[in-house]
Amino acid sequence: MLRRFSYDFNELSVTKSDLEECIGIGCDLNSFPGQPEEALKSAADICQIQGGYRIFETIGKDYKERQLIAGEHYLKTGRLIFGQLAESDGLLVFVCTAGEAISAYAGKLMDKGDTLRGYLYDVIGSVCVEKALDKMEKELDAQMRKRSLGLTRRFSPGYCGWDVAGQQKLFSLLPEGFCGISLTSSSLMKPIKSVSGVMGFGSKVVKQERPCSICGKRDCIYYERNSPIKH
Amino acid sequence: MKHNEILEKIAYCIEYGKIDRNSPFPPNLKGQDGAGEYTQMALEKGIRADDVLRMGLMQGMDRVGKKFRENKIFVPQVLMSAKAMNSSMEHLMPFFTSGEIRSKGKFIIGTVLGDLHDIGKNLVSMILKGNGWEVIDLGIDVSSEKFLDALKEHPDSVVGLSALLTTTMANMKETVEKIKDQNSETCVAIGGAPVTREFCDRIGADIYSPDPQGLVDYLNQRYNAG
Ligand code: B12
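The structure displayed is predicted, hence computed values, not measured ones.

Observations concerning the site of the ligand
Inspection of the region around the ligand gives 41 residues, with M189 and K193 of chain A together with H117, S162 and T166 of chain B positioned closest. Residues lining the ligand come from chains A and B. Note that an oxygen atom of the ligand is positioned 2.4 Å from one of the side-chain N or O atoms of K193 of chain A. Take T166 of chain B: an N or O atom from its main chain is 2.7 Å from an oxygen atom of the ligand. Secondary-structure elements contributing two or more residues to the shell around the ligand are α5 (115–146), β10 (194–202) and α7 (221–225) of chain A together with α5 (119–129), β3 (158–162), β4 (188–191) and α9 (212–222) of chain B. Class assignment of the residues belonging to the shell around the ligand gives a composition of 23 nonpolar, 15 polar and 3 charged.

Following this line, the structure appears as structure tokens:
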């Protein structure tokens, strides 16, 4: 089953402190009065937030190779994510984007030397995909609860030991150009401000903490910097 | 104002991103002269352009690079400092053209093939420029061939490669190999979120740094240009 959604920028309530958090822990934008406020106001007309997901009600598991089997496709998510999805009966494969326009606008400003404003729009693009996914997850949590099912957290290629090249497999589970997002041969999504991933669900699923504590990858930037970006 | 006071003013304005009198940032310096005015003043007072560059501009940018590395400031502040540096640089341009002052060398930079990220690369460019390097920016999605062509045009340059995903980072390997094949003496720096020192050693690049200042320090040491 395929579902699509789109959100208005204003329903995501992106704040100045969201931007500060994304830029870096300890960042204070108060030294640029008016700038983040102005960018947040006009970003509403620029961001085109849309996403969607495909639900596989049942999935198979290849315990030997630690792969998830969705339809006729195998997802090699790595040991950690496979473990996190062990209790899941079904799988939800999602993508979400803030659209092309926000990056184009940011780029245009930067090119003409308005670097700070350009950068702020760029950060807004990143933050708004994350916030859209938070909203999607919350809505899905509620839907699943109605069916007495639990939902795992989100897991993306490029995180927790899942190779970014896994994007190719993930995208093969979705229709081409789904939600206006395409994948290059180097596994980069276009528009840039896009995130992909999976979530598991099932009657025995309980949402768990991020698996950082059991992951040996201490050089993961997510782990090290405790980044607020959660994809 | 004494000469060294003017130079310190320039460094200060660059450190805090005060471009010129009209710039409203940072709010506590509103209405005051900025890097542009102080640079002009320095030259009018007869301070040598080379001293303005080294003891004003580069001093300021060095502080910026260090504070950024220590997470005391963030990208927005670096961007404003780079603008202040540009406004100072405009006054120094004629002296570069006349040969009275010289850059430390040329640095070719680009984001590797298949990758479209540019903010990290741009920050490296800005901080290098502020440390006296002439930067040739090839942009994003740059093929090995483009790097080689640029090297043919500017043979003694250092090369910097940037990538943000492990999949595009893989393209660094080929580019480094081709550059080293053409001239094993060419110094190649690599960076970007997924890059590690171990990867750098494995592909035969000369230096990996998680931040621009690490690169500056390395280049200063290697070329004895501190
Ligand atoms: C914001 C962000 C996003 C945003 C926006 C991305 C964008 N490019 O605009 C969003 C939310 C959209 C996103 C999406 C994704 N992201 Co992301 N993202 C980040 C995050 C948190 C910050 C990136 C950033 O803007 N940094 C700020 C800039 C200034 O830093 P920088 O580019 O690294 O550059 C600095 C240094 O690296 C260095 N440097 C850079 N180049 C060079 C060159 C030289 C020569 C030198 C010396 C130094 C140097 O200097 C710069 C200044 O300090 C990073 C994690 C992190 N903290 O870095 C993950 C990160 C880049 N993302 C990652 C991943 C996996 C993804 C996705 C693939 C996830 C997914 N499956 O959806 C997608 C891919 C998007 C796409 N289009 O294909 C991984 C990539 C690692 C990997 N495994 O390959 C990272 C590293 C997180 C992690 N897992 O640790 N992402």
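Digging into the sheet that holds strand β1 (residues 2–7) of chain A
All names here are of chain A. If you walk across this open sheet you meet the 5 strands as β1-β2-β6-β10-β7, and the pairing is antiparallel. The open sheet has two edge strands, β1 and β7 (150–151), and neither has a second partner. Of the pairings in the sheet, the one linking strand β6 (residues 90–97) to β10 comprises 8 bridges and is antiparallel in character. Bridge pairing in β10 links T97 to S194.

Some points on the state of the cysteines
This structure, assessed with the given rule, holds 0 disulfides over all chains. The cysteine C27 of chain A is free of any disulfide, with C22 of chain A supplying the nearest cysteine sulfur at 9.6 Å.

Re the interface of chain B and chain A
Taken residue by residue, the interface counts 21 residues in chain B and 28 residues in chain A. Around 2,000 Å² of area is buried between chain B and chain A when both sides are counted, 75% of it from carbon and sulfur atoms. Contact with chain A buries area across many residues of chain B, yet F25, F74 and P76 of chain B alone supply 26% of it, more than any other trio. The interface formed by chain B and chain A contains 0 salt bridges. On the surface where chain B and chain A come into contact, there are 3 residue pairs in polar contact (both at pLDDT 80 or more). Per-class residue counts for the side of chain B that touches chain A are 12 nonpolar, 7 polar and 2 charged.

Re the sheet that holds β4 of chain B
Residues and elements named next belong to chain B. Strand order in this open sheet of 5 strands is β2-β1-β3-β4-β5, and the pairing throughout is parallel. With one partner strand each, in any of the chains shown, β2 (133–137) and β5 (207–208) form the two edges of the open sheet. Here β4 runs beside β5; their pairing, made up of 2 bridges, is parallel. For I190, the partnering residue across the bridge sits in β5 and is Y208.

Section: the pattern of salt bridges
Residue and element names in this part refer to chain B. Counting across every chain of the model gives 31 salt bridges over all chains. Note that R69 and D217 form a salt bridge whose closest N and O atoms lie 3.3 Å from each other. Taken together, the residues R69 in helix α3 (residues 49–69) and D217 in helix α9 connect sequence positions 148 residues apart. D217 sits in the partly exposed class, given a relative accessible area of 29%. Across the pair K121 and D137 runs a salt bridge, and its minimum N-O distance is 2.8 Å. Of this pair, K121 sits in helix α5 while D137 sits in strand β2, placing them 16 residues apart in sequence. With a relative accessible area of 3%, K121 lands in the buried category. Among the residues examined, D137 registers a relative accessible area of 39% and is labelled partly exposed.

Remarks on the packing of aromatic side chains
Evaluated as defined, the whole model comprises 7 aromatic pairs over all chains. Aromatic pair F32 of chain A and F25 of chain B: ring centres 5.4 Å apart, planes at 70°, arrangement edge-to-face. Remark: F25 of chain B occurs in the loop between α1 (3–16) and α2 (35–44) and F32 of chain A occurs in the loop between α1 (16–23) and α2 (35–46); the pair is interchain, linking two chains. When its relative accessible area of 5% is taken as the criterion, F32 of chain A is described as buried. By relative accessible area, F25 of chain B is classed as buried at 9%. When the ring of Y63 of chain A is compared with that of F82 of chain A, the centres are 5.5 Å apart and the planes differ by 85°; the resulting orientation is edge-to-face. Here Y63 of chain A is found in the loop between β3 (60–62) and β4 (67–70), whereas its partner F82 of chain A is found in helix α3 (residues 79–84), with 19 residues between them in sequence.

So, how was this worked out
Residues numbered from 1 in each chain as written. Chains lettered and ligands numbered in written order. Predicted model: local features only at pLDDT ≥ 70, side-chain atom pairs only at ≥ 80, totals over all residues. Heavy atoms only, no water. Near = heavy atom within 4 Å. Polar contact = N/O pair within 3.5 Å; in protein donor to acceptor, adjacent residues only side chain to side chain. Helix = DSSP H or I, 4+ residues; strand = E, 2+ residues; numbered from the N terminus. Nonpolar A, V, L, I, M, F, W, Y, C, P; charged D, E, K, R; others polar. Pairing = 2+ DSSP bridges. Disulfide = S-S within 2.5 Å. Contact = heavy atoms within 4.5 Å. Buried area = accessible area lost by both parts, 1.4 Å probe. Salt bridge = Lys/Arg side-chain N within 4 Å of Asp/Glu carboxyl O. Buried < 20%, exposed > 50% of the residue type's maximum accessible area, 1.4 Å probe, protein only. Phe/Tyr/Trp six-rings, centres within 6.5 Å; stacked < 30°, edge-to-face > 60°.

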